[in-house]
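Structural features, examined
Listed here are the chains, written in short residue letters.
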Amino acid sequence: MFVYSALVLWNFLIEEFSTKVLAVFVAVLLSVRFLQMVREASALPPGPWGLPILGSLPFLKGDLHLHFRDLTHKYGSLISTRLGSQLIVVLSDYKMIRDAFRKEEFTGRPTTEFTALLDGYGVINTAGKLWKDQRRFLHDGLRHFGMSYIGSRKTQMEGRIMREVEEFLSVLTSKKDNPIDLNPILAVSLSNVICDILMSVRFSHNDERFKRFMFLIDEGFKLFSSLEASFFIPILKYMPGQRETRGKIAKNREEMGQFLQETIEEHRKSFDSSHLRDLLDTYLYEIQKANEEGTGHHLFEGKDHDRQMQQIMGDLFSAGMETIKSSLQWAVLFMLHHPEVMKAVQEEMDQVVGRRRLPKLEDLPYLPVTESTMLEVLRISSIVPMGTTHAPTRDLKLNGFYLPRHAQIVPLLHSVHMDPNLWNEPEKFDPSRFVNAEGKVVKPEYFLPFGVGRRMCLGEILARMEIFSFFSSLLHSFDICVPAGETLPSLKGVAGVTISPNAFRVCLKPRPMEWDAITGTIRPAGSH
Ligand code: HEM
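Definitions and cut-offs
Residues numbered from 1 in each chain as written. Predicted model: local features only at pLDDT ≥ 70, side-chain atom pairs only at ≥ 80, totals over all residues. Heavy atoms only, no water. 1 Å grid on protein atoms, 1.4 Å probe; cavity = no way out; pocket = protein on both sides within 12 Å on 5 of 7 lines; lining within 4 Å. Points joined across faces, edges and corners; volume = space filled by probe spheres on them. Helix = DSSP H or I, 4+ residues; strand = E, 2+ residues; numbered from the N terminus. Nonpolar A, V, L, I, M, F, W, Y, C, P; charged D, E, K, R; others polar. Pairing = 2+ DSSP bridges. Axes fitted to C-alpha atoms, helices over the stretch in contact; angles between N-to-C directions. Contact = heavy atoms within 4.5 Å. Donors = N, O, S within 2.8 Å, 3.2 Å for Na, K, Ca; no water. Near = heavy atom within 4 Å. Polar contact = N/O pair within 3.5 Å; in protein donor to acceptor, adjacent residues only side chain to side chain.

**A short note on empty space enclosed by the protein**
- In this structure the tally under the stated criterion is one cavity of 30 Å³ or more.
- Roughly 50 Å³ of volume is contained in the largest cavity.
- Listed by contribution, the elements that provide at least two residues to the lining of the largest cavity are helix 7 (182–199), helix 13 (322–337) and helix 17 (460–477).
- Looking at the lining of the largest cavity, its residues break down into eight nonpolar, one polar and no charged.

As structure tokens, this is what we get:
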């Protein structure tokens with residue numbers, strides 16, 4: 001009896017003791033973590049603390065880039081804030097952005113629910129060795145197909161672009177005087193430019209396959225956006241409806257993947273290593289070479305070759321179409337608001353280019369009014385207002401503040417372009433700010449529409465070529481005006497990853513070209 005009682009007492013004491021020890025242990029751990037968090041938070045750049053779990057999410061009003069701009073006005077050019085579980089660090093001083101983004105340690109990408117869905121494929125949302133190799137490969141590949149300011153391949157690229165410009169102008173001509181929305185017409189023409197370079201695919205205006213392709217891109221974008229809340233508060237992914245959305249995303253990606261896979265298979269069948277037609281062929285060549293050398297399984301850091309090619313096509317299409325379409329839409333909108341600038345551009349082109357042909361890239365150095373107008377459109381519209389989000393590759397310090405590895409680093413390009421200390425009356429549309437006293441175009445180092453540093457835009461040269469070719473040819477061929485009875489469209493944009501104008505319509509009045517007396521035709525660009 002005594003032994004039994006002693007055992008019960010002993011067990012009771014042990015249980016009581018271990019529960020207490022466990023409780024103390026958990027309390028110590030929590031306190032250490034809490035102190036760590038307080039220490040970490042006090043070492044972060046200044047900014048609002050927000051609420052537990054939600055951070056500053058409940059205080060967001062309007063466009064995110066404007067919210068961040070307001071915070072930088074209050075706390076300084078380097079701030080931190082929490083959106084749900086995500087720590088966001090915003091840089092709005094151009095020197096700070098430039099100096100940081102030149103460094104290897106700022107080339108990471110954050111790990112989020114969104115990047116998890118992409119599974120580490122592609123180039124835009126990758127980091128480390130895969131990103132570096134892919135960026136170099138794409139840079140060389142795009143140069144090979146003419147994305148360069150110099151050399152004979154530039155003319156080839158210009159040829160590809162001008163074919164689409166001429167088709168674009170002929171579709172516009174067919175619309176006669178009717179009010180039109182340029183958006184869907186530009187979408188086909190600009191998709192054709194990038195799809196031609198990527199995979200020799202072109203669509204006709206009214207193509208059902210193209211409509212489906214665009215529908216999938218649009219649907220994918222909307223589905224991803226509807227998951228946005230769970231990217232910031234991960235627990236929300238268990239809310240009703242979220243599983244269905246993820247299912248729809250999987251289906252959307254599958255169909256998109258099938259479309260791209262068909263193109264990959266077609267390329268495989270007709271592949272000829274002595275004649276590389278497009279970027280997809282350069283990938284097939286790289287894969288073939290690696291397989292022959294027995295290193296195929298190391299290529300793309302061991303990732304599936306076809307999935308990597310699909311994601312690269314998707315990345316370049318999404319980065320290279322919408323951005324240029326928005327820029328051109330903004331350019332047209334600013335011409336509606338500033339007909340005197342449109343007239344000055346047209347008069348300059350009439351003098352330099354003449355009325356017998358369309359403008360070409362080699363005219364550009366002699367067209368300062370046209371060039372400065374395009375630069376001003378890029379500055380004032382800041383179509384990628386927050387660049388792309390970077391992440392430190394390790395815990396580090398910036399200007400004495402602590403930036404943990406998991407922070408999301410946002411370069412606030414919009415603020416740089418709207419800084420009154422850098423630009424005189426930044427809200428004003430004034431192309432002459434880019435022209436010096438000698439009449440030459442100058443781009444200040446704080447003009448950053450394509451970002452800066454190691455992860456700056458990979459398609460800048462192509463973008464400049466396309467914007468110039470479409471914008472100058474459009475203005476050379478037509479006067480643009482607001483349709484009778486309609487009001488001047490607003491300059492307030494719709495902000496997402498890019499800022500685009502709200503839908504608007506224009507009327508186009510042809511500016512007659514002169515016939516070439518020798519050939520009896522209008523000379524197309526590049527024929528001189
Ligand atoms: C007006 C047109 C364009 C603008 C304003 C623009 C702007 C930008 C900006 C601001 C970034 C992020 C830079 C950073 O955060 O560090 C970026 C990245 C990128 N852009 Fe563009 N872009 C344009 C057109 C294009 C085109 C035509 C292509 C495709 C050929 C392209 C491909 C890319 C890629 C692949 C990246 C990611 C680079 C990386 O992650 O290393 N962009 N762009």
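**What about the sheet that holds strand 2 (residues 86–91)?**
- With mixed pairing, three strands are arranged side by side in an open sheet as 1-2-5. Every other strand in the sheet has two partners, leaving strand 1 (78–83) and strand 5 (408–411) as the edge strands with one partner each. Within the sheet, the average angular offset between the axes of one strand and its neighbour, ignoring direction, is 25 degrees.
- With four bridges joining them, strand 2 and strand 5 adopt parallel strand pairing. Directly across from leucine 91, in strand 5, lies its bridge partner proline 411.
- Sitting on the sheet, helix 2 (residues 64–75) touches strand 1 and strand 2, and the angle it makes with strand 1 is about 130 degrees.

**Some details on the coordination of the iron atom of the ligand**
- Coordination of the iron atom of the ligand by the protein comes from a single atom, Cys457 (SG), at 2.3 Å.
- Structurally, cysteine 457 can be placed in the loop between helix 16 (413–417) and helix 17.

**Some points on the site of the ligand**
- Around the ligand, 28 residues are found, and the nearest of them are Trp131, Arg135, Thr388, His390 and Cys457.
- Arginine 109 places a polar side-chain atom, nitrogen or oxygen, 3.0 Å from an oxygen atom of the ligand.
- The side chain of histidine 390 places a nitrogen or oxygen atom 3.0 Å from an oxygen atom of the ligand.
- Looking at the shell around the ligand, the elements with two or more residues in it are helix 5 (128–144), helix 12 (305–320), helix 13 and helix 17.
- For the shell around the ligand, a count of residues per class yields 17 nonpolar, eight polar and three charged.

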